[in-house]
Amino acid sequence: MSEQTSPSNTPVNPLRSGIYDTSPLYQNAVMDLEFAGTTMGIDPNVLERLKLPKRALCVNVPVRMDDGSVKVFEGYRVQHNTTLGPGKGGIRFHPEVNLSEVSALAMLMTMKCSLVGLPLGGAKGGIRLDPSQLSRAEQQALTRRYTMEIINVIGPEQDIPAPDVGTDGQHMAWMMDTYSMAKGNAVPGVVTGKPIEIGGSLGRPESTGRGVIYVIEHAIELLKKKNLGNFVLKECSAVVHGFGKVGQVAAYELFIRGCKVVAVSDYFGGIYDKNGLNIPEVMKYMAANRSLKGYPKAEVITNEQLIGLPVDILIPAAIDGVVTKANMKNVKAKIISEGANGPITSEAQHYLESQGVTIIPDILANAGGVIVSYFEWVQGMQQFFWNEKEINEKLAEVMLRSFNRVADNAEKYKCGMKTAALISSVERLSQAMLLRGLFP
Ligand code: GLU
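Here is a short report on the structure shown in this document.

Cut-offs applied
Residues numbered from 1 in each chain as written. Predicted model: local features only at pLDDT ≥ 70, side-chain atom pairs only at ≥ 80, totals over all residues. Heavy atoms only, no water. Helix = DSSP H or I, 4+ residues; strand = E, 2+ residues; numbered from the N terminus. Buried < 20%, exposed > 50% of the residue type's maximum accessible area, 1.4 Å probe, protein only. Contact = heavy atoms within 4.5 Å. Areas by Shrake-Rupley, 256 points an atom, 1.4 Å probe, with all protein chains shown as cover. Lys, Arg positive; Asp, Glu negative; His and termini not counted. Charge placed at Lys NZ, Arg CZ, Asp CG, Glu CD. Salt bridge = Lys/Arg side-chain N within 4 Å of Asp/Glu carboxyl O. Axes fitted to C-alpha atoms, helices over the stretch in contact; angles between N-to-C directions. Parallel < 35°, antiparallel > 145°, perpendicular 65-115°, else oblique. Left-handed = near helix turned anticlockwise from the far one by under 90°. Pairing = 2+ DSSP bridges. Right-handed = clockwise from strand over helix to strand, strands pointing away. Phe/Tyr/Trp six-rings, centres within 6.5 Å; stacked < 30°, edge-to-face > 60°. Lys NZ or Arg CZ within 6 Å of the ring centre and 35° of its normal. Nonpolar A, V, L, I, M, F, W, Y, C, P; charged D, E, K, R; others polar. Near = heavy atom within 4 Å. Polar contact = N/O pair within 3.5 Å; in protein donor to acceptor, adjacent residues only side chain to side chain.

## With respect to the overall build of the protein chain
Part 1 of the reasoning: Of the regular secondary structure elements, the protein chain holds 14 helices and twelve strands.
Part 2 of the reasoning: Taken over the C-alpha atoms alone, the protein chain extends approximately 55 × 50 × 50 Å along its principal axes.
Part 3 of the reasoning: Taken across its 440 residues, the protein chain has 57% of its residues classed as buried.
Part 4 of the reasoning: Put simply, 67% of the contacts in the protein chain that link residues at least 6 apart link residues at least 24 apart.
Part 5 of the reasoning: In the form shown here, the protein chain has an accessible surface area of approximately 19100 Å², with 53% of it arising from carbon and sulfur atoms.
Part 6 of the reasoning: If you average the places of the 45 positive and of the 44 negative side-chain charges in the protein chain, the two averages end up 2 Å apart.

As structure tokens, this is what we get:
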């Protein structure tokens, strides 16, 4: 035991069994936090607490399948920190979900909410499954039973789920209905990312992808101001890894700004056109076929080839651990905006930043989703709904303010944007934690 070391090479704490540490995502999140903590001189007692989730609930969810058999799925809801307000974070349906990964994602939510100034803590949930293998009826049964299993830890004032990888507004509607049935009245504030008809917010489905592009625009201006690059978005080329809820909107927002999106990809692989893809057409094809496979007007490439294409902008918008030590040297993009959570490992991030690549980190780049989730929660509590223009303006304002805070901290601490973003989060959060003090 005494020989064992944690990811940061500090001796293992005998009070810890290591159950949270098993995934690379968690190890990276702790390493990043320690690095940011050292850079800013964090209070060690705050750091000690932030390295672990406050609460983790593991559930096994039985579902009667269409053929009459019963399958049991592993599910989780993890609340990392609730100092600033109720837990907030998505529910992920993915075959690689596990306690450690969900805990890491919950930690990222804490950092994200604190960074952008929301009165919310960080949480995440997930079920380990491949949703494409379940029928709609099976998914509904699974979502409802999972909601029932975690019902004691969620609620509008306690912890508010939202969509994440593999889930969407329909899943949120089932969760809201299940929770409301149990409480005896409609409780729209229990989840965000709901369909408009049951209290969803305009602009929520597009918010993450939009935010990913707003921060690219701010980064371009900043590089110009610092004489570090003279990019003009409509003359830039870009690739988007992951053509789902975030990637499609990000690609579309680039396309309408005149930027040449030369490749996009999904789990099957990528499609490439050196003259730029017609993104609205690709989106139509995706909607009709639920995959990019067979798209007729482009060359087929692999996801790995896409990562290495000679472009100005790379948007990893699928899943974590996409740019790693193994392929970081292939990356040629000069600006990376992390649409997904944790797509670049710590090692790859430090290497790319040393090569002059600007990386806009996940907790800033993809925060648009949770920002508009917060607007949805507020609108739901007030029963007063805003129009899309108001929502987009407020979103843009929060993204710009957060970007500027990160840029200022990057300057102050002479560090990359990832570290500066974590410092900005922890500054606010640690003040709140110290003010509230430790109970009892
Ligand atoms: N799943 C999204 C994220 O990772 C959104 C979370 C939310 O809206 O609560 O940020």
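From this point, the narrative continues.
## Re the pattern of salt bridges
Part 1 of the reasoning: What the rule picks out here adds up to 22 salt bridges.
Part 2 of the reasoning: Two residues, Lys297 and Glu281, come together in a salt bridge whose shortest N-O distance is 2.9 Å. Placement of the pair is Lys297 in the loop between α8 (279–289) and β9 (299–301) and Glu281 in helix α8, with a sequence separation of 16 residues.
Part 3 of the reasoning: What makes Lys297 exposed here is its relative accessible area of 53%.
Part 4 of the reasoning: In this structure, the salt-bridge partner of Glu393 is Lys389, at a minimum N-O distance of 3.3 Å. One end of the pair, Glu393, and the other, Lys389, are both in helix α13 (residues 388–413), four residues apart, so they sit about a helical turn from each other.
Part 5 of the reasoning: Residue Glu393 is classed as partly exposed on the basis of its relative accessible area of 45%.
Part 6 of the reasoning: Classification of Lys389 as exposed rests on a relative accessible area of 59%.
Part 7 of the reasoning: One salt-bridge network, held together by shared partners, links Arg92, Glu101, Lys124, Asp164 and Asp320.

## Considering the packing of helix α12 (residues 368–382) against α13
Part 1 of the reasoning: In contact at an axis separation of 10 Å, α12 and α13 are set at 130° when each is read in the N-to-C sense. Taken together, α12 and α13 sit at an angle that is classed as oblique. Between α12 and α13 the crossing geometry is right-handed. Where α12 approaches α13, its residues Gly368, Ile371, Val372, Phe375 and Gln379 are matched on the opposing element by Ile391, Lys394, Leu395, Val398 and Met399.

## What about the pairing of strand β5 (residues 159–163)?
Part 1 of the reasoning: The element β5 is largely enclosed, with a buried count of five among its five residues.
Part 2 of the reasoning: The pairing of strand β3 (residues 87–94) with β5 spans five bridges and is classified as parallel. Considered in β5, the bridge of Gly89 is made with Pro161.

## Let's talk about the pairing of strand β7 (residues 260–266)
Part 1 of the reasoning: Here β7 lies mainly inside the structure; six of its seven residues are buried.
Part 2 of the reasoning: Note that strand β6 (residues 237–241) and β7 share five bridges and pair parallel. Paired with Ser237 across the bridge in β7 is Lys260.
Part 3 of the reasoning: Considered for its hand, the β-α-β crossover made up of β6, helix α7 (residues 245–256) and β7 is right-handed.
Part 4 of the reasoning: Alignment of β7 against strand β8 (residues 269–272), held across four bridges, turns out to be antiparallel.

## Quick notes on the packing of aromatic side chains
Part 1 of the reasoning: Within this structure, the stated rule accounts for five aromatic pairs.
Part 2 of the reasoning: Among the aromatic residues, those joined into a ring-pair cluster are Tyr374, Phe375, Trp377 and Trp386.
Part 3 of the reasoning: Over the ring of Trp386 we find Lys394, and its NZ or CZ is 4.4 Å from the ring centre.

## Some details on the packing of helix α1 (residues 24–40) against helix α10 (residues 346–354)
Part 1 of the reasoning: In the contact formed by α1 and α10, the axes pass within 9 Å of each other and the chain directions differ by 50°. One way to sum up the angle between α1 and α10 is to call them oblique. Where α1 approaches α10, its residues Asn28, Met31, Asp32 and Phe35 are matched on the opposing element by Ser346, Gln349 and His350.
Part 2 of the reasoning: Each residue belonging to the contact of α1 with α10 can be placed in one class, and the counts come to two nonpolar, four polar and one charged.

## As for the site of the ligand
Part 1 of the reasoning: Lining the immediate surroundings of the ligand are 14 residues, of which Lys88, Lys112, Pro163, Asp164 and Ser373 lie closest.
Part 2 of the reasoning: Within the backbone of Pro163, one N or O atom sits 2.9 Å away from a nitrogen atom of the ligand.
Part 3 of the reasoning: Starting from 290 Å² of accessible surface for the ligand in isolation, the protein chains cover 94%.
Part 4 of the reasoning: Among the secondary structure elements, those contributing two or more residues to the shell around the ligand are β3, α3 (99–115), β5 and α12.
Part 5 of the reasoning: Classifying every residue of the shell around the ligand gives four nonpolar, five polar and five charged.

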